[in-house]
Amino acid sequence: MTADQGRSFAAYICSTPGRDLAMTVSASCGLESHEIFQGGLAAAARMGETVPAADLMLVELGSMPIETAGEYIEELTSLGSRVIVVGDDADLETLRIMRRHGAEDYFAHPVLPEDVIQLLQRQDIVSSSPQSPSGPLIGVMSTSGGAGSSLLAQNLATAIGRCGAHRVALLDLDLSFGTVAIDLDRNFTNGMLEALAAPDRIDETFLEASMEKITGNVWLYSAQIHLDQDVRQYGPSVPSFLRQISRAFDFVIVDIPRHWMAEDPQLFMELDKLIAVMPPGFSALSTFSRIKAHFETHAPDLTIWPVLSDLRQDARLSRRDLANIMDLKFDHVLPRCDTLVSKAQTRGKPIVSIKPRSRYSKAVYLLWQSITESLQHEHRLQRSAGP
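Residues numbered from 1 in each chain as written. Predicted model: local features only at pLDDT ≥ 70, side-chain atom pairs only at ≥ 80, totals over all residues. Heavy atoms only, no water.

## What to know about unusual backbone geometry
Omega for the bond connecting His109 with Pro110 falls within 30 degrees of zero, at -5°, which places this linkage in the cis form. In this fold, Pro110 is placed in the loop between strand 5 (105–108) and helix 5 (113–122). Unlike most non-glycine residues, Arg316 shows phi in positive territory, near 55°. Structurally, Arg316 is set in the loop between strand 12 (303–309) and helix 13 (319–326). Judged by relative accessible area, Arg316 falls into the exposed class, the value being 63%. For Asp327, which is not a glycine, the phi torsion comes out positive at approximately 50°. Mapped onto the fold, Asp327 is located in the loop between helix 13 and strand 13 (333–334). (Helix = DSSP H or I, 4+ residues; strand = E, 2+ residues; numbered from the N terminus. Buried < 20%, exposed > 50% of the residue type's maximum accessible area, 1.4 Å probe, protein only.)

What follows is the structure, given as structure tokens:
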């Protein structure tokens, strides 16, 4: 999705879910000019009297009487803003009143970001064209087995695909024991091995014929070699393979087993971000420290995002204890969700598809929001630096 650089966005919120929604919508739609204010619709109406109204506004009703809210909506739309309203009442009358007074639409909490994004695209408020000719490469790797890195990779790719018209590739680089295809009830894609053997032959036609489609805009490569084959034969071609894939997709999520660190450090230099998934235990502390030191030498420009996973309990160290020991801030935690994992495995679908409002799904969307904000910030810095 291209950045709507000439279009301003402002959100007036009065709750944490409202703020998270505004940040995700802004980041996913490429609305680089955005501001978020407290105070809900009342604050939007007050500020509309003194500052230019944003082209697109997302406002929360809060406890404001519905008829008063309608009058405020009319004032904002008369200034040229297109207004989306969010509130707590899931009744048809509130929806009718908001639309009658000029709102684009009304959503009741809990709101899925993709519902708002799809509305914006249908109304031609934001663009739905591909973001760029070369998509960011985001690696996902765990510090120990069972931490949930493959689960996160599957759900992150699906979440990105649900947030707009992004074309997303999900790559399972565990060529010996990768299970992403099995987890998602898809066929193994032996064309991946052909692509690794000859990356130069990769084009749109080849990818369409050799990848498995997970959803309308999320595609999978997952293959297994024979156990008597040496996975290292593919190592030298992996960086070129990743570069070719990134040219065909808006985002590429790569599920990476740890052994590639020793066998082919070069591939990590191709990544834009690396998400390190770690359980709350002492072994994870040790492994993460080694990983961090390794990449400071072999891929010093790589940004590593530590993500704490409660899917595996280990010593059950608290986030505060881990932060103090490692001098590291954990902004993202994947909650334990045994029942959801079981349902997802049984149905062959990611958690964000079967339970998009679950705590785990919300954690994935917040991680995606942070990643897109970081990528946009880096893009702005590159633009300001000039050619």
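## Considering helix 3 (residues 66–78)
In an α-helix there are 3.6 residues to a turn, and that puts residues three or four apart on one side. Its 13 residues place the ends of helix 3 19 Å apart at the C-alpha level, agreeing with the 18 Å of an ideal helix rising 1.5 Å per residue. Downstream of helix 3 by a residue or two, Gly80 has a phi angle that is positive, lying close to 100°. (Expected span 1.5 Å × (residues − 1).)

## Let's talk about a negative patch on the surface
A cluster of like negative charges, contributed by Glu67, Glu71, Glu74, Glu75, Asp88, Asp89, Asp91 and Glu93, occupies part of the molecular surface. The element that contributes the greatest number of residues to the negative patch is helix 3, accounting for four residues. Within the secondary structure layout, Glu75 lies in helix 3. (Patch = residues over 30% accessible without salt bridge, like charges linked within 9 Å, V, L, I, M, F, W, Y side chains within 5 Å. Areas by Shrake-Rupley, 256 points an atom, 1.4 Å probe, with all protein chains shown as cover. Salt bridge = Lys/Arg side-chain N within 4 Å of Asp/Glu carboxyl O. Lys, Arg positive; Asp, Glu negative; His and termini not counted. Charge placed at Lys NZ, Arg CZ, Asp CG, Glu CD.)

## A short note on the nonpolar core
Leu152, Leu170, Ile253, Ile275, Tyr360 and Ile371 are the most contacted members of the largest nonpolar core, which has 58 residues in total. With eight residues, the single largest contributor to this core is helix 16 (residues 359–385). Not counting the four nearest positions on each side in its chain, Ile371 is found in contact with Ile138, Leu156, Ile275 and Trp305. With 39 residues, the next largest nonpolar core counts Phe206, Tyr234, Ala248 and Trp260 among its residues. (Core = buried A, V, L, I, M, F, W, Y, C linked by side-chain atoms within 4.5 Å. Contact = heavy atoms within 4.5 Å.)

## Some words on the sheet that holds strand 6 (residues 137–142)
In spatial order, the strands read 8-9-7-10-6-11-12-13; together these eight strands make up an open sheet with mixed pairing. The open sheet is flanked by strand 8 (212–215) and strand 13, the only strands paired with a single partner. Both strand 7 (residues 168–172) and strand 9 (residues 218–222) contribute to a ladder of five bridges, which runs parallel. Within the sheet, the bridge partner assigned to Asp172 lies in strand 9 and is Ser222. The strands touched by helix 6 (residues 149–162) are strand 6, strand 7, strand 9, strand 10 (251–255), strand 11 (273–278) and strand 13; relative to strand 10, the strand with the most contacts, the crossing angle is about 170°. Here helix 10 (residues 238–248) sits on the sheet and contacts strand 6, strand 7, strand 9 and strand 10; the angle it forms with strand 7, its principal contact strand, is near 160°. (Pairing = 2+ DSSP bridges. Axes fitted to C-alpha atoms, helices over the stretch in contact; angles between N-to-C directions.)

## Regarding the layout of surface pockets
Space inside the second largest pocket adds up to approximately 430 Å³. Of all the elements in the fold, those that place two or more residues in the lining of the second largest pocket are helix 6 and helix 14 (338–347). Here the lining of the second largest pocket takes four residues from helix 6, the largest share from any one element. Its residues placed into classes, the lining of the second largest pocket shows seven nonpolar, 11 polar and five charged. (1 Å grid on protein atoms, 1.4 Å probe; cavity = no way out; pocket = protein on both sides within 12 Å on 5 of 7 lines; lining within 4 Å. Points joined across faces, edges and corners; volume = space filled by probe spheres on them. Nonpolar A, V, L, I, M, F, W, Y, C, P; charged D, E, K, R; others polar.)

## What to know about the pattern of salt bridges
Applying the stated criterion across every chain yields a total of 13 salt bridges. One salt bridge connects Lys292 with Glu296, and the closest N-O pair in it is separated by 3.0 Å. Placement of the pair is Lys292 and Glu296 together in helix 12 (residues 282–298), with a separation of four residues, close to one helical turn. Residue Arg336 pairs with Asp338 through a salt bridge whose shortest N-O separation is 3.1 Å. Exposure remark for Arg336: the relative accessible area of 41% places this residue in the partly exposed category. Since its relative accessible area comes to 45%, Asp338 is described here as partly exposed.

## Quick notes on the packing of helix 1 (residues 16–28) against helix 5
At a closest axis distance of 9 Å, the pairing of helix 1 and helix 5 adopts a crossing angle of 45°. With respect to helix 5, the element helix 1 is oriented oblique. Considering how the two elements wind past one another, helix 1 and helix 5 form a crossing that is right-handed. Across the interface between the two elements, Leu21, Thr24, Val25 and Ser28 from helix 1 touch Pro113, Val116, Ile117 and Leu120 from helix 5. Residue composition of the contact of helix 1 with helix 5, by class: six nonpolar, two polar and no charged. (Parallel < 35°, antiparallel > 145°, perpendicular 65-115°, else oblique. Left-handed = near helix turned anticlockwise from the far one by under 90°.)

## Side note on the environment of Gly348
With respect to the helices and strands, Gly348 occurs in the loop between helix 14 and helix 15 (351–354). Residue Gly348 is classed as buried on the basis of its relative accessible area of 8%. Remark: the alpha-carbon pair of Gly348 and Asp185, spanning 163 residues in sequence, is separated by 4.8 Å.

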